[in-house]
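Notes for the structure review
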Amino acid sequence: MEKINGLIVAPFTPFTANGNVNLDVIEAYAAMLQKNGLKGVFINGSSGEGYMLTTDERKALAEKWVSVVPADFKVIVHVGSCCLTDSVALAKHAQAIGAFGIGSMAPPFPKINRIEELVKYCEQICAAAPELPFYYYHIPVFNNAYLPMVDLLKAVDGRIPNFAGIKYTFESLYEYNQCRLYKNGKYDMLHGQDETILPSLAQGGAQGGISGTGNYIGLDLIAVMDEWENGNIEAAREHQNYAQEVINVIARYRGNIVAGKRIMKLIGLDLGPNRVPFQSLSDEEEKKVKAELEAINFFERCNKF
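Presented here is a report on the structure given in the accompanying data block. (Residues numbered from 1 in each chain as written. Predicted model: local features only at pLDDT ≥ 70, side-chain atom pairs only at ≥ 80, totals over all residues. Heavy atoms only, no water.)

In this structure, the amide linkage connecting F109 to the following residue, P110, adopts the cis form with an omega of -5 degrees. By the secondary structure assignment, P110 is in the loop between β4 (101-105) and α4 (115-128). Between V276 and P277 the backbone carries a cis peptide bond, its omega angle lying at 20 degrees. Mapped onto the secondary structure, P277 falls in the loop between α11 (255-266) and α12 (283-295). At N144, a position not held by glycine, the phi torsion is positive, near 60 degrees. Overall, the relative accessible area of 44% leaves N144 in the partly exposed class. Backbone geometry places K183, a non-glycine residue, at a positive phi of 50 degrees. (Helix = DSSP H or I, 4+ residues; strand = E, 2+ residues; numbered from the N terminus. Buried < 20%, exposed > 50% of the residue type's maximum accessible area, 1.4 Å probe, protein only.)

For the structure on display, the rule yields 15 salt bridges. Among the ionic pairs, R275 bridges to E57, the shortest N-O distance being 2.7 Å. With a gap of 218 residues between them, R275 in the loop between α11 and α12 and E57 in helix α2 (residues 55-68) connect regions that are remote in the sequence. Like E57, R275 is buried. Here E292 and R252 are joined by a salt bridge, their closest N and O atoms 2.8 Å apart. Residue E292 is located in helix α12, and its partner R252 is located in the loop between α10 (233-251) and α11; the two are separated by 40 residues in the primary sequence. For E292, a relative accessible area of 23% gives the class partly exposed. (Salt bridge = Lys/Arg side-chain N within 4 Å of Asp/Glu carboxyl O.)

With that settled, consider the nonpolar core. W65, L118, Y136, L152, F163, Y216 and F298 are the most contacted members of the largest nonpolar core, which totals 88 residues. At eight residues, α4 tops the list of elements feeding residues into this core. Excluding residues that lie within four positions of it along the chain, F298 makes contacts with Y216, I217, Y242, V246, I263, I267 and L293. Of all hydrophobic cores here, the second largest spans twelve residues; its members include I8, A10, M105 and Y137. (Core = buried A, V, L, I, M, F, W, Y, C linked by side-chain atoms within 4.5 Å. Contact = heavy atoms within 4.5 Å.)

Take helix α3 (residues 84-97) next. Look at α3: 20 Å from first C-alpha to last across 14 residues, which is about the 20 Å you get at 1.5 Å a residue. Buried residues along α3 sit in contact with α2, β3 (74-78), β4 and α4. Count one or two residues on from α3 and you reach G98, which has phi positive near 90 degrees. (Expected span 1.5 Å × (residues − 1).)

Both faces of strand β7 (residues 188-191) are covered, namely the face carrying D188 and L190 and the face carrying M189 and H191. Across four bridges, strand β6 (residues 163-168) lies against β7 in parallel orientation. Across the sheet, the residue bridging to G165 is D188, located in β7. Once you follow β6 into helix α7 (residues 173-181) and on to β7, the crossover reads as right-handed. (Pairing = 2+ DSSP bridges. Right-handed = clockwise from strand over helix to strand, strands pointing away.)

This is the structure:
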């Protein structure tokens, strides 16, 4: 099964001012991401407010992304839902429209407490789209599924043929590396925490990743990987530390889903508000974010149209 190299972005879902999904900006969005070196998108996930979308909206977004992306630009569709029937329908749809792959986090309700529960959940989704690689999205801060990921790999090995790997968005680099080393790298471990790309590279990982902040600082995150590959350790450190400076800004304004989405407007692509209960940035907060970003020369280094 193909392993992903390079950085894939978790895009924001565009909304109109009245809260409807805005499909019209997606073609320009996809072109901008590719222009800045990104390799694909992981849509309808946490950055995309996926659990706040209807099944029809999620299908419409998947169809639009698949129809407009440039050649060789991967579209992975997050199909996770609290309703397994909806997840199965979304997986079947993703395969039918020609998506590259599918993925799912554990549902936030009911809480999954055991590996076997998680395997059964993934198993039914995978069976609905047997031709597509499936990536489990490990982000326990969202769903409290603090389960050992090496145990998950052991449990799916030989049982779910299209289980491709894990999008690993958690702080334990030790566990990430143990998963990466499982059976000499059998599974694709997609790095999901932008703050720790460089230390993961030092362990031998992060060859492929799925990034939220890559929407706007993809150039620096890609540079971390490129400079490491070229042996320029100090340059790689500078890019990693700069990415952290930007992340420090968004952390003061409700994180990537809220502040990051508004940053896209500041760099030229208005993706609209967040859905309730997210509290979109106010105009005054937007001014403060812009000023803080200007103070660290963000607009000279961010992704460009």
